[in-house]
Amino acid sequence: METRTVVAEFIGTAMLVLFGVGSLVLAGDYINALGISLAFGFTLIAIAYAFGRVSGCHINPAVTLGVLLAKRIDIRTAVEYWIAQFVGAIVGAAVLFLVAKQVPRLQTAGAFGSNGYGVRSPVGLGAGGAFLVEVLLTFLLVFVFLTVTRSVVLVGVEPVPVGLAYAAANLVGIPLTWASVNPARSFGPAIFAGGDALGQLWLFIVAPLVGGVLAAVVHRFTHLRPEGQVEREQAHPPPEAGPWGRLRGGHRPEAGGPETKGPEAA
């Protein structure tokens, strides 16, 4: 086991739950859906810059599943990530629960930033609609993650589009299901909310995983090059062109002899 990657996934997921879900539980009445969505997105970007080079900053079992299906990690690493993510979510939710208990008149039972459908949905969305929404929103996040990354790690500006996709998913999903898009994010708060939050938890574990699978399948068709194409491109690289479309060495691509001097001959 690569200890530092597992620890990074554990801490990253705990921080996402503490600050992302915390924005909903502690400040939701003041910042509304837009503020909560930005809190989730900004938190993910910050965590990705902190841990992206260590573990890739999946901090989401659906993302890990997509990366696994894209053959960037093996099954053992994926299982280690999943364990770290769910344990991290529980610890993050536990710390948030302790903080919430210090706020007078703040109700935690039955809600506590958990996801829901039916009567627990802000708009009364049914189970079928909630399942479809979570699949589509998770598809967006995982597809963007797979597209902007070339390997396991998040480097350079890659965290920014991933964070923006996460914020957009929350902006759409919060009025519908309180936006899971992450089984671990749903699991931790549901444990402390109890009641119907636990009874509906299955949907917010299964649907994001389905979205992750769908994203990996679509990414394979849209972005992966056919087998052997990379080797052929490396064996026969395209000639380097100079000014006015001429090749280095004084020849044009379409002509076999020396080029005519001067730009007016191009």
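Given the structure is predicted, the values throughout are model-derived calculations rather than measurements.

**Section: helix H1 (residues 3-55)**
For H1, with 53 residues, the first-to-last C-alpha span of 10 Å runs short of the 78 Å given by 1.5 Å per residue. A bend of about 135° at Gly 28 is the largest found in H1.

**A look at the layout of surface pockets**
Estimates place the volume of the second largest pocket at around 390 Å³. As for the second largest pocket, its lining consists of 16 residues, and the residues nearest its centre are Leu 24, Val 25, Asp 29, Leu 106 and Gln 107. A per-class count over the lining of the second largest pocket returns nine nonpolar, five polar and two charged.

**A word on the side chain of Thr 13**
Structurally, Thr 13 can be placed in helix H1. Those residues within four positions of Thr 13 in sequence are excluded, and the remaining contacts are Ile 59, Gln 85, Gly 88, Ala 89 and Ala 184.

**Focus: the packing of aromatic side chains**
Two aromatic rings, taken as a pair, are described by how far apart their centres are and by the angle between their planes. Tallying each qualifying case throughout the model produces seven aromatic pairs. With a centroid separation of 6.4 Å and 35° between ring planes, the pair formed by Tyr 117 and Phe 204 is classed as tilted. Pair noted here: Tyr 117 is in the loop between helix H3 (75-100) and helix H4 (127-148) and Phe 204 is in helix H8 (residues 201-223), with a separation of 87 residues, a long-range link. Phe 204 carries the same exposure label as Tyr 117, and that label is buried. Linked through ring pairs, Phe 97, Phe 112 and Phe 192 together constitute an aromatic cluster.

Cut-offs used in this document
Each chain carries its own residue numbering, running from 1 in the written order of its sequence. Where totals are concerned, whole chains, interfaces and linings use all residues; where local detail is concerned, this predicted model gives features only for residues with pLDDT of at least 70, and gives and counts side-chain atom pairs only at 80 or more. As a convention, hydrogens and water are excluded, and side-chain values are obtained from all of the structure's heavy atoms. Strands are runs of DSSP state E lasting at least two residues, helices are runs of H or I lasting at least four, and both sets are numbered from the N terminus onward. In this analysis, the expected span of each helix is defined as 1.5 Å times one less than the number of residues it contains. By definition, a residue's bend is the angle between the axes fitted to the seven residues ending there and the seven starting there. A pocket here means an open set of points on a 1 Å grid, computed over the protein atoms alone, that has protein on both sides within 12 Å along at least five of seven lines. A cavity is instead a set of points where a 1.4 Å probe fits but cannot get out; residues with an atom within 4 Å of a point line either one. Grid points are joined across faces, edges and corners, and a volume is the space filled by probe spheres set on the points. Just so you know the grouping, Ala, Val, Leu, Ile, Met, Phe, Trp, Tyr, Cys and Pro go in nonpolar, Asp, Glu, Lys and Arg go in charged, and all remaining residues, Gly too, go in polar. By definition in these notes, contact holds between two residues if any of their heavy atoms fall within 4.5 Å. Aromatic rings from Phe, Tyr and Trp, with only the six-membered ring used for Trp, were paired whenever their centres fell within 6.5 Å, and each pair was classed as stacked if the ring planes differed by under 30 degrees, edge-to-face if by over 60, and tilted otherwise. Think of it in three bands: with a 1.4 Å probe and only protein chains considered, a residue is buried below 20% of the maximum accessible area for its type, exposed above 50%, and partly exposed in between.

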